[in-house]
Amino acid sequence: MGSAQKPVARLEKMFLCIRIRNMTIMTIMTLLGDSSMDRQVWSVAEAKAKFSEVIERAMSLGPQTITRKGRTAAVVVGAEEWQRKTKRVGNLAEFFAASPLRGSNLKIHRLKSRPRKIDL
């Protein structure tokens, strides 16, 4: 009975690995919860002493949190993850063109009075 379940568990694990391969580390952590990825929390002193390890873990396991006085002060992420998350998608014109307000006949009324005077 136990040996019959092992191939099924192995197939489930393979399917999970295939699905995970197409996700970013942050997406996986969001779906599974922070504890699933052994997210590390480091004090500033620990992070200074083991900076290379913090970087390695950020690259392999995902974001590493650094705390100061018990509060989150910084998060270290791998460069590849950072590039994926900060990559600009589209431009301002494309953003406005895709707006759900486009075609809604929204009218913007401008004041016809002159701008107020200011002293410089």
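All values derive from a computational prediction rather than experimental measurement. (Residues numbered from 1 in each chain as written. Predicted model: local features only at pLDDT ≥ 70, side-chain atom pairs only at ≥ 80, totals over all residues. Heavy atoms only, no water.)

Re the side chain of Gln64
Link 1 in the chain: Tracing the backbone shows Gln64 in strand β2 (residues 64-68).
Link 2 in the chain: On the basis of relative accessibility, which here comes to 0%, the residue Gln64 falls in the buried class.
Link 3 in the chain: Only 2.9 Å separates the side chain of Gln64 from the side chain of Trp42, close enough to count as a polar contact.
Link 4 in the chain: Gln64 has contacts with Gln40, Trp42, Val54, Arg57, Ala58, Ala74, Val75 and Val76, leaving out every residue within four places of it along the chain. (Helix = DSSP H or I, 4+ residues; strand = E, 2+ residues; numbered from the N terminus. Buried < 20%, exposed > 50% of the residue type's maximum accessible area, 1.4 Å probe, protein only. Polar contact = N/O pair within 3.5 Å; in protein donor to acceptor, adjacent residues only side chain to side chain. Contact = heavy atoms within 4.5 Å.)

A few points about the nonpolar core
Link 1 in the chain: With six residues, the main nonpolar core is built from Trp42, Ala47, Val54, Ala58, Ile66 and Val76.
Link 2 in the chain: The residues contacting Ile66, other than those within four sequence positions of it, are Trp42, Ser43, Val44, Ala47, Arg71, Thr72, Ala73, Ala74 and Val76. (Core = buried A, V, L, I, M, F, W, Y, C linked by side-chain atoms within 4.5 Å.)

A word on the pairing of β2
Looking along a regular strand, one sees side chains alternate from face to face of the sheet.
Link 1 in the chain: Among the five residues that make up β2, four are buried, leaving the element largely enclosed by the rest of the structure.
Link 2 in the chain: In the sheet, strand β1 (residues 41-43) pairs with β2 via three bridges, with the strands oriented parallel. Within the sheet, the bridge partner assigned to Ser43 lies in β2 and is Thr67.
Link 3 in the chain: Note: β2 against strand β3 (residues 71-76), five bridges, orientation antiparallel. Looking at the pairing, Thr67 lines up with Thr72 of β3.
Link 4 in the chain: Between β2 and β3, which pair antiparallel and follow one another directly, the connecting turn spans two residues, one of which, Lys69, has a positive phi of 55 degrees. (Pairing = 2+ DSSP bridges.)

Considering the sheet that holds β3
Sheet strands pair via backbone hydrogen bonds, and the direction of the pair is either parallel or antiparallel.
Link 1 in the chain: On the basis of which strands lie adjacent, the open sheet formed by three strands has the order β1-β2-β3 and mixed pairing. Either end of the sheet is taken by a strand with one partner, and the two such strands are β1 and β3. Strand after strand, the sheet turns through a mean of 35 degrees between neighbouring axes, direction not considered. (Axes fitted to C-alpha atoms, helices over the stretch in contact; angles between N-to-C directions.)

Some points on the pattern of salt bridges
Link 1 in the chain: Inspection of every chain in the model, using the stated rule, returns three salt bridges.
Link 2 in the chain: Taking the shortest distance from any N to any O, the salt bridge between Glu53 and Arg57 comes out at 3.1 Å. Residue Glu53 and its partner Arg57 are located together in helix α4 (residues 51-60), separated by four residues, close to a single helical turn.
Link 3 in the chain: Judged by its relative accessible area of 25%, Arg57 falls in the partly exposed class.
Link 4 in the chain: Residue Glu80 is joined to Arg84 by a salt bridge in which the shortest nitrogen-to-oxygen separation is 3.2 Å. Pair noted here: Glu80 and Arg84 are both in helix α5 (residues 79-86), with a separation of four residues, about one helical turn.
Link 5 in the chain: Classification of Arg84 by relative accessible area gives partly exposed; the value is 40%.
Link 6 in the chain: Because the salt bridges share partners, they merge into one network encompassing Glu80, Glu81 and Arg84. (Salt bridge = Lys/Arg side-chain N within 4 Å of Asp/Glu carboxyl O.)

Quick notes on unusual backbone geometry
Link 1 in the chain: A positive phi is found at Lys69, a non-glycine position, where the angle reads about 55 degrees.
Link 2 in the chain: Along the chain, Lys69 falls in the loop between β2 and β3.
Link 3 in the chain: Lys69 sits in the exposed class, given a relative accessible area of 83%.
Link 4 in the chain: Of note in the backbone geometry, Asn105 takes a positive phi value of approximately 60 degrees without being a glycine.
Link 5 in the chain: With respect to the helices and strands, the residue Asn105 is situated in the segment after α6 (92-97).
Link 6 in the chain: Asn105 sits in the exposed class, given a relative accessible area of 64%.

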